[in-house]
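Each chain is listed here by its residues.
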Amino acid sequence: MKCNEKNMIAFATSPSSVDREGWLYKRGEINRTYQRRWFVLKGNILFYFDKRGDKEPLGMIVLEGYTIDLADEDEQFGFKIVFHGANNRSYILAAESQESMEQWMKALACASYDYVKTMVAELQRQLDAVEQEPAVTAPVELPKPPPRQRHNPFNRSESHHRSQSVRSAPGRTENVPRTKVSFREIHTMYGRKILSDLNKWRHTKRNADAPLIIL
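A brief look at the structure comes next. The model shown is predicted, which means the values in this text are computed figures rather than measured ones.

### A look at the sheet that holds strand E7 (residues 90–94)
- If you trace the seven strands from one edge of the open sheet to the other, you get E4-E3-E2-E1-E7-E6-E5, paired in antiparallel fashion. Each end of this open sheet is capped by a strand with a single partner; those strands are strand E4 (59–62) and strand E5 (66–70). With strand direction ignored, the average angle separating the axes of adjacent strands in the sheet is 35 degrees.
- Bridging between strand E1 (residues 20–27) and E7 involves two bridges; their strand directions are antiparallel. Residue Tyr25 lies in a different strand from E7, and its bridge partner there is Ala94.
- Where helix H1 (residues 5–13) meets the sheet, it contacts strand E2 (34–42), strand E3 (45–49) and E4, and its direction lies at approximately 80 degrees from that of E3.
- Packed on one face of the sheet, helix H2 (residues 98–109) meets E1, E2, E3, E5 and strand E6 (78–83) and runs near 165 degrees to E5.

Here's what the structure looks like:
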């Protein structure tokens, strides 16, 4: 893989985007002896330095197409980065404790671009499944109006209003059958009463010139 050396050195020594860093022992490919190196993991690139704070890394490992496995049983706290394919080497590393070894193995296993892409696709699938599910909303209970203490007379029914109007009319009684009376009978009944009162008034005034009117 071709890369710009200056850019990679600047990226390796920048304080940003550090996923994990710490001391590990790296076994040499030829002499098979372990040397203590300062490792820095940034994304899918693992840099290693002679000591912490160096301006340039001794080397880097691009983490693609690989697996993380435990090393041989005689290697205490040892693990290895195994690259697949022909003529690909494996890197044997060892931590200083069981906890450190497990943390490094987990961080390196999740560093590849393929792993991140798979995780993003899985999260997108879960998000799509959630969005397709019908939303369950709790029923909203509307507030009940308080009981009314006063009554609006204009809200009464028409039949009630009609019955009240009949009862309020003067000179009427409920449930009394009505009979038909002719105009002549009304004229005679009320006319006699009016004329009688008029004659009494005239008699009181002693108006002799006023003739009595008789129906």
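From this point, the discussion proceeds with the structure in view.
### Looking at H2
- For H2, with twelve residues, the first-to-last C-alpha span of 17 Å sits near the 16 Å given by 1.5 Å per residue.
- Among the residues of H2, Ser100, Met101, Trp104, Met105 and Leu108 are the ones counted as buried. Around the axis of H2, the buried residues are gathered within 130 degrees of arc, so they sit on the same side. For H2, exposure combined with an orientation more than 90 degrees from the buried face picks out Glu99 and Lys106.

### Overview of unusual backbone geometry
- For Arg32, which is not a glycine, the phi torsion comes out positive at approximately 60 degrees.
- Assignment of secondary structure puts Arg32 in the loop between E1 and E2.
- Not every positive phi belongs to a glycine, and Phe77 is a case in point at roughly 55 degrees.
- Owing to a relative accessible area of 23%, Phe77 belongs among the partly exposed residues under this scheme.

Cut-off values and rules
- Residues numbered from 1 in each chain as written.
- Predicted model: local features only at pLDDT ≥ 70, side-chain atom pairs only at ≥ 80, totals over all residues.
- Heavy atoms only, no water.
- Pairing = 2+ DSSP bridges.
- Helix = DSSP H or I, 4+ residues; strand = E, 2+ residues; numbered from the N terminus.
- Axes fitted to C-alpha atoms, helices over the stretch in contact; angles between N-to-C directions.
- Contact = heavy atoms within 4.5 Å.
- Expected span 1.5 Å × (residues − 1).
- Buried < 20%, exposed > 50% of the residue type's maximum accessible area, 1.4 Å probe, protein only.
- Arc of directions from axis to C-beta.

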